[in-house]
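Each chain is listed here by its residues.
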Amino acid sequence: MPRQEHIAWDTFTGTAIYGVSPMSTYRLKNLLCPRSVALVGASPRHGSVGRAILDNIRKAQFKGEFGLVNPRYPEIDGVATVGSIQELAFAPELVVLTTPAQSIAGLVDEAGRRGAAGAVIVSAGLNHGAKALADAAERAAQKYGMRLIGPNCLGIMMPGVSLNASFSAHMPAAGNLALISQSGAIAAGMVDWAAQRSVGFSGIVSIGDQLDVDIADLLDYFALDEKTHAILLYIEAIKDARKFMSAARAAARVKPVVVVKSGRLAQGAKAAATHTGALAGADAVYDAAFRRAGMLRVSDLRELFDCAETLGRVKSLPGKRLAILTNGGGIGVLAVDRLVELGGVPADISPAIHKRLDAVLPPTWSKSNPVDIIGDADAARYAVALEALLADPENDAVLVMNVQTAIARADEIAAAVTGVVEKYRAEHRIRPKPVLAVWVGADQSIGNVLSGAGIPNYQTGGDAVLGFMHLVRHHEVVEILAQVPPAMPADFAPEKEAARKVVAAALADGRSWLDPIEVKRLLDAYYIAFVPTFAAADAEEAVAHATELFALGSTVVLKIMSRDIVHKSDVGGVVLNLTSPDAVRKAAADILARAKSLRPDARISGVMVQAMVVRAKTRELILGLADDPTFGTVVVFGRGGTAVEIINDKSLSLPPLDLHLARRLIERTRVSRLLRAYRDVPAVKHDAVAMVLVKLAQMAADIPEIRGLDINPLLADETGVLAVDARVVVGHAEPKFRGSGHANFAVRPYPSQWQRHITVKEGWRVFVRPIRPEDEPLIHEMLKHVTMHDLRLRFFAPMKQFSHEFIARLTQLDYARAMAFVAFDDASNEVVGVVRIHSDSIYETGEYAILLRSDLKGRGLGWTLMQMIIEYAKSEGLKTISGDVLSENTVMLAMCRNLGFEVKPDPVEHEICNVRLTL
């Protein structure tokens, strides 16, 4: 098998092995860009899946070796067959299987013995109802290190290598969009749409049931693919949320990732026990996950098509100022309305360009944006106006709109516009401004002219503006993703042990709900203010507690206290504004009687006595935690009160949170506007609400046994915040994700626990911590101290420079599947070394690499960093660490042996040794 290409370095002693390609892409290039293919199960019968795939492979004119396997026929449509994979004259890199499900495991084993890198299993019948068959196929693949796509999939289409191993009706043209789809029908539909719009693809993969290769693996692959400028996803469900989030965040940093998900209106929250759980419906959590990952979510296939139209022709966008050129004022104004609604900015016209337009346009032009050049505008007028707008530094892109008239021919105007754009691009090859187009009601021929010139074109102005805003959003998310997943606040020290004892006591008692007093103690431990609260077993005890509150000048509220009655108001279990002992005594008796009557099955402990809080200008909010079966812990914020589900003003986020992320969470709700000052109502105390959200995220990290929590209402005003009521659901922790720490968080916090001060030989003091995005310039500086000889040892050629994109990908980790420790000299604060590990797709093996400054080798830093990465791998539960070392690098090989690595010559590339450590 050809070795996976690494772009890498290791200079412990001058050998480069720093692999950048994540191990989740292991052998995927062999599957998606194979040099040889075998089709097993082809049939002479027209209308069969096997025959359709055979015809497609031949029509696409695959250039590599190709063989057919079918023991029943000597040839199919003129192509000779063999009886088994072993009889092929070549070892196929890719095997395509269309045979019955029962035969798949045996064929995978046979393909592995023959040396295949992987298989596309088109066959159905290996899903949930046939788990034993699927498991057998997976075991066979793992035995030979094979990768599997499918089963139950359409197949793959890779125009770059002229491979159509699918039963799609058409082969897409080559282009720069990648499509990953859980639905074969969606993939086929995208191909048909693309053919009509002259949009091409770098690859289309229908993943089916994801027995092995999943969405995350393919995100990793296409993120590294230079031919892919944007990635489109069709998702039905995610299997491994942490792996998905890690891959999605990494991909979205370097190129747009657009997702459409089915099942948006599924009623998954109907039976939720808490208000927070009801608000955190399944699709709302997916939406939060996509947002946190930096993905661009679209609502339906049309929007996905429009997004593909934009991303397939425009690579980047520097800002969100849009200039609009039109011959119809009405459609221009509608486009501006939509732009503002989506958060874009109508571009100003600079004085110089305004003067230039005055000189070439009729005096009746609009004098502002949208630039309405009047209904009789011809091709020449469009051309001079567009040239002017493209020269204006006050805009970032131009939308050209045309309404057909009997005065000027729409096709001539389109030709003039494309001519201006092509000339402009020739003169501005580095980041030219995007030009988008809308020809209302135009013939397809005009769309073809625009598409042929690489100009994204749409049916309506609204569609065009939405396409523009997708570019804007991607520019924004790249900046957000460059931020480190936050660690918990350094200046916040909750009483964790006290809180854990509260939860542990409830679990030991066999309870799933904390009682009100326990809830108060839990919130107190995290310094979340809670209204004074007492538990009373009967009316007389309630009177005694109420008397204490009356003495403080407070009125009293009583609430039913029962493990089985979650929503107290449903049984009339809340009485407000009690002002005397007699009123308390009567209210307590009434509440207990009503509860016993309406819920005779409920266990009733008594009543809760609280101080009545009256704040005239307060806002009622809800904050909480929910436990999602896919993405783990979710933080919820919204408008509170008894009608919380009806109002449905909420926003969700995946933890961890810092103040910045908490503010963004709040800003996505309508109620956030009420937190600001208005009329005679002062603004809520700055960051008081956001800090409670951060504290709840911290609580979820510290106590994974909390399965659900809501504070409703949380009162907020200019003095701060106060929790009036809260519910907490607890249960034994069941980690959802592999690896150590925060096992219910789909996004890992910054692992600050791995920061260390170490001393190596000769008293040299070094500070080591997990890498951060802002380390990029320091890594560039370190590379200046790596000799050309050291770099040549890995690349077999001098490496003169490393791009921003290359180093950014090394420094921007989310710490779920990859870790890099960077070492700083204590005296100079310069980076002196880096060690890195990246796990494989099944989280069993990690591939390591290490880099030191060439002038600082031999001082013990390499040994120390290797020990640290081994310690980290053990803590993550990895079973082995592996790496590649040049055979001539005897010092590195000696160190590996001393650390316990097994060293073997590579069976293919004899100048390389494979090193492997069993943990």
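Refer to the preceding data block for the structure.
(A) Representation of the overall build of the protein in the model. Helix and strand counts for the protein come out as 28 helices and 38 strands. For 919 residues, the compact-globule estimate of 2.2 N^0.38 gives 29 Å, and the protein sits close to it at 32 Å. In terms of overall dimensions, the protein has C-alpha extents of about 95 × 85 × 70 Å along its principal axes. Taking the intrachain contacts of the protein between residues at least 6 apart in sequence as the baseline, contacts between residues at least 24 apart amount to 72%. Per element, the accessible surface of the protein, about 36,600 Å² overall, is 53% carbon and sulfur. Charged side chains of the protein number 101 positive and 102 negative; the gap between the two group centres comes to 1 Å.

(B) Fine view of the sheet that holds strand β14 (residues 296-298). With mixed pairing, the seven strands of this open sheet are ordered in space as β9-β8-β11-β10-β12-β13-β14. Edge positions in the sheet fall to β9 (163-166) and β14, since each of these pairs with one other strand and no more. Across this sheet, the average inter-strand angle for adjacent strands is 20°, counted without regard to direction. Pairing of strand β13 (residues 257-261) with β14, which is carried by three bridges, proceeds in the parallel orientation. Within β14, the position partnered with V258 by the bridge is L296.

(C) How the structure looks around the side chain of R853. Mapping R853 onto the fold places it in the loop between β35 (845-852) and α27 (861-875). Looking at R853, the relative accessible area reads 8%, which means it is buried. Within the local environment of R853, its side chain forms a polar contact with the side chain of D855, the two groups lying 2.7 Å apart. Not counting residues up to four positions away in its chain, the partners in contact with R853 are M782, H785, E830, V831 and V832.

(D) Local environment of the packing of helix α10 (residues 301-311) against helix α16 (residues 461-481). α16 packs onto α10 with a crossing angle of 65° between their chain directions and a minimal axis gap of 9 Å. As α10 runs across α16, the sense of the crossing is right-handed. Two secondary-structure elements touch here, α10 through R302, E303, D306, C307, T310 and L311 and α16 through D463, L466, G467, H470 and L471. Taken together, the residues of the contact of α10 with α16 break down into four nonpolar, three polar and four charged.

(E) Spotlight on the packing of aromatic side chains. Summed over the entire model, instances satisfying the criterion amount to eleven aromatic pairs. On the basis of an interplanar angle of 80° and a centroid distance of 5.5 Å, the ring pair of Y750 and Y815 is categorised as edge-to-face. Separated by 65 residues along the polypeptide, Y750 in the loop between β30 (726-730) and β31 (756-759) and Y815 in the loop between α26 (804-811) and β33 (818-825) bring together distant segments of the chain. Among the aromatic residues, ring-to-ring pairing joins F244, Y286, F290 and F631 into one connected group. Here R772 stacks its cationic end above the ring of Y750, 4.7 Å away from the centre of that ring. A cation sits over an aromatic face here: R859 above W764, 4.2 Å from the ring centre.

(F) Region of the structure containing the environment of L296. Note on placement: L296 falls in strand β14. Residues L296 and V260, spaced 36 residues apart in sequence, show a C-alpha to C-alpha distance of 8.7 Å. Once residues lying within four places of it in the same chain are set aside, the contact partners of L296 are P256, V257, V258, V259, H470, R473 and H474.

(G) A look at the nonpolar core. In terms of nonpolar packing, the biggest core is built from 74 residues, with L522, F637 and M699 touching the most fellow members. Beyond its immediate chain neighbours, meaning those up to four positions away, L522 contacts A499, V503, L514, M699, I703, I706, L709 and V728. In this structure, L32, C153, A241 and F737 belong to the second largest nonpolar core, which totals 65 residues.

(H) Representation of the pairing of strand β25 (residues 619-628) within the structure. Of all the ten residues making up β25, eight are buried; the element is thus mostly covered by neighbouring parts of the structure. Across six bridges, the pairing between β25 and strand β28 (residues 706-717) is antiparallel. Looking at the pairing, L621 lines up with L714 of β28. Summarising the sheet, β25 and strand β26 (residues 632-639) pair through eight bridges and their orientation is antiparallel. Each residue of the ladder has a partner; that of G624, found in β26, is V636. The antiparallel pairing of β25 with β26 creates a hairpin that spans three residues between the two strands.

(I) Looking closely at a positive patch on the surface. Taken together, the side chains of R639, R670, R673 and R676 make up a positively charged region of the molecular surface. Within the secondary structure, R676 sits in the loop between α22 (659-667) and α23 (688-702).

(J) Layout of the pattern of salt bridges. For the structure on display, the rule yields 50 salt bridges. For K568, the salt bridge goes to D725, with nearest N and O atoms at 3.4 Å. Placement of K568 in the loop between β22 (556-562) and β23 (574-578) and of D725 in the loop between β29 (720-723) and β30 is noted, with a sequence separation of 157 residues between them. As far as burial versus exposure is concerned, K568 and D725 are alike and both buried. Three or more residues are tied together by salt bridges with common partners; here these are R147, D212, D214, D217 and K243.

(K) Structural view of the sheet that holds strand β7 (residues 147-149). Spatially, the seven strands line up as an open sheet ordered β3-β4-β2-β1-β5-β6-β7, and their pairing is mixed. What marks the edges here is a single partner per strand, and that holds for β3 (75-76) and β7. Across the sheet, helix α3 (residues 101-114) touches β1 (36-40), β5 (94-97), β6 (118-121) and β7, and the angle it forms with β5 is around 165°.

(L) Layout of the pairing of β5. A two-sided burial pattern is seen for β5, the buried positions comprising L94 and V96 on one face and V95 and L97 on the other. Here four bridges tie β1 to β5, and the two strands are oriented parallel to one another. Across the sheet, V40 pairs through a bridge with L97, a residue of β5. In this sheet, β6 lies alongside β5 in parallel orientation, the contact comprising four bridges. Across the sheet, residue L94 finds its bridge partner in β6, namely G118. In this view, the connection linking β5 to its parallel neighbour β6 by way of α3 has right-handed handedness.

(M) Local environment of the packing of helix α7 (residues 241-254) against helix α9 (residues 282-293). Between α7 and α9, the least distance of the axes is 8 Å, while the angle of their chain directions is 45°. Classed by the angle they form, the pair α7 and α9 counts as oblique. Side by side, α7 and α9 meet where F244, M245, A248, R249 and A252 of the first sit next to A289, F290, R292 and A293 of the second. The class makeup of the residues in the contact of α7 with α9 is seven nonpolar, no polar and two charged.

(N) Structural detail: unusual backbone geometry. Along the chain, G150 connects to P151 via a cis peptide bond; the corresponding omega equals 0°. Structurally, P151 can be placed in the loop between β7 and β8 (155-158). N369 connects to P370 through a cis peptide bond whose omega is 10°. Relative to the elements of secondary structure, P370 occurs in the loop between α12 (351-360) and β17 (371-372). The phi torsion at S162 lies on the positive side, around 55°, for a residue other than glycine. Within the secondary structure layout, S162 lies in the loop between β8 and β9. Look at D687: it is not a glycine, yet its phi comes out positive at around 65°. The topology assignment puts D687 in the loop between α22 and α23.

(O) A look at helix α5 (residues 184-197). Between the first and last C-alpha of α5 there are 20 Å, a value that for 14 residues agrees with the 20 Å anticipated at 1.5 Å per step. For α5, the set of buried residues is I186, A187, A188, M190, V191, W193, A194 and R197. At the N-terminal boundary of α5, the capping side chain belongs to S183, with an oxygen 3.3 Å from the backbone nitrogen of A185. Downstream of α5 by one or two residues, S198 has phi in the positive range, about 60°.

(P) Broad picture of the environment of P749. Checked against the element boundaries, P749 lands in the loop between β30 and β31. A relative accessible area of 7% places P749 in the buried class. Separated by 666 residues in the primary sequence, P749 and G83 place their C-alpha atoms 54 Å from one another.

Cut-offs applied
- Residues numbered from 1 in each chain as written.
- Predicted model: local features only at pLDDT ≥ 70, side-chain atom pairs only at ≥ 80, totals over all residues.
- Heavy atoms only, no water.
- Helix = DSSP H or I, 4+ residues; strand = E, 2+ residues; numbered from the N terminus.
- Rg over C-alpha atoms; globule rule 2.2 N^0.38 Å.
- Contact = heavy atoms within 4.5 Å.
- Areas by Shrake-Rupley, 256 points an atom, 1.4 Å probe, with all protein chains shown as cover.
- Lys, Arg positive; Asp, Glu negative; His and termini not counted.
- Charge placed at Lys NZ, Arg CZ, Asp CG, Glu CD.
- Pairing = 2+ DSSP bridges.
- Axes fitted to C-alpha atoms, helices over the stretch in contact; angles between N-to-C directions.
- Buried < 20%, exposed > 50% of the residue type's maximum accessible area, 1.4 Å probe, protein only.
- Polar contact = N/O pair within 3.5 Å; in protein donor to acceptor, adjacent residues only side chain to side chain.
- Left-handed = near helix turned anticlockwise from the far one by under 90°.
- Nonpolar A, V, L, I, M, F, W, Y, C, P; charged D, E, K, R; others polar.
- Phe/Tyr/Trp six-rings, centres within 6.5 Å; stacked < 30°, edge-to-face > 60°.
- Lys NZ or Arg CZ within 6 Å of the ring centre and 35° of its normal.
- Core = buried A, V, L, I, M, F, W, Y, C linked by side-chain atoms within 4.5 Å.
- Patch = residues over 30% accessible without salt bridge, like charges linked within 9 Å, V, L, I, M, F, W, Y side chains within 5 Å.
- Salt bridge = Lys/Arg side-chain N within 4 Å of Asp/Glu carboxyl O.
- Right-handed = clockwise from strand over helix to strand, strands pointing away.
- Parallel < 35°, antiparallel > 145°, perpendicular 65-115°, else oblique.
- Expected span 1.5 Å × (residues − 1).

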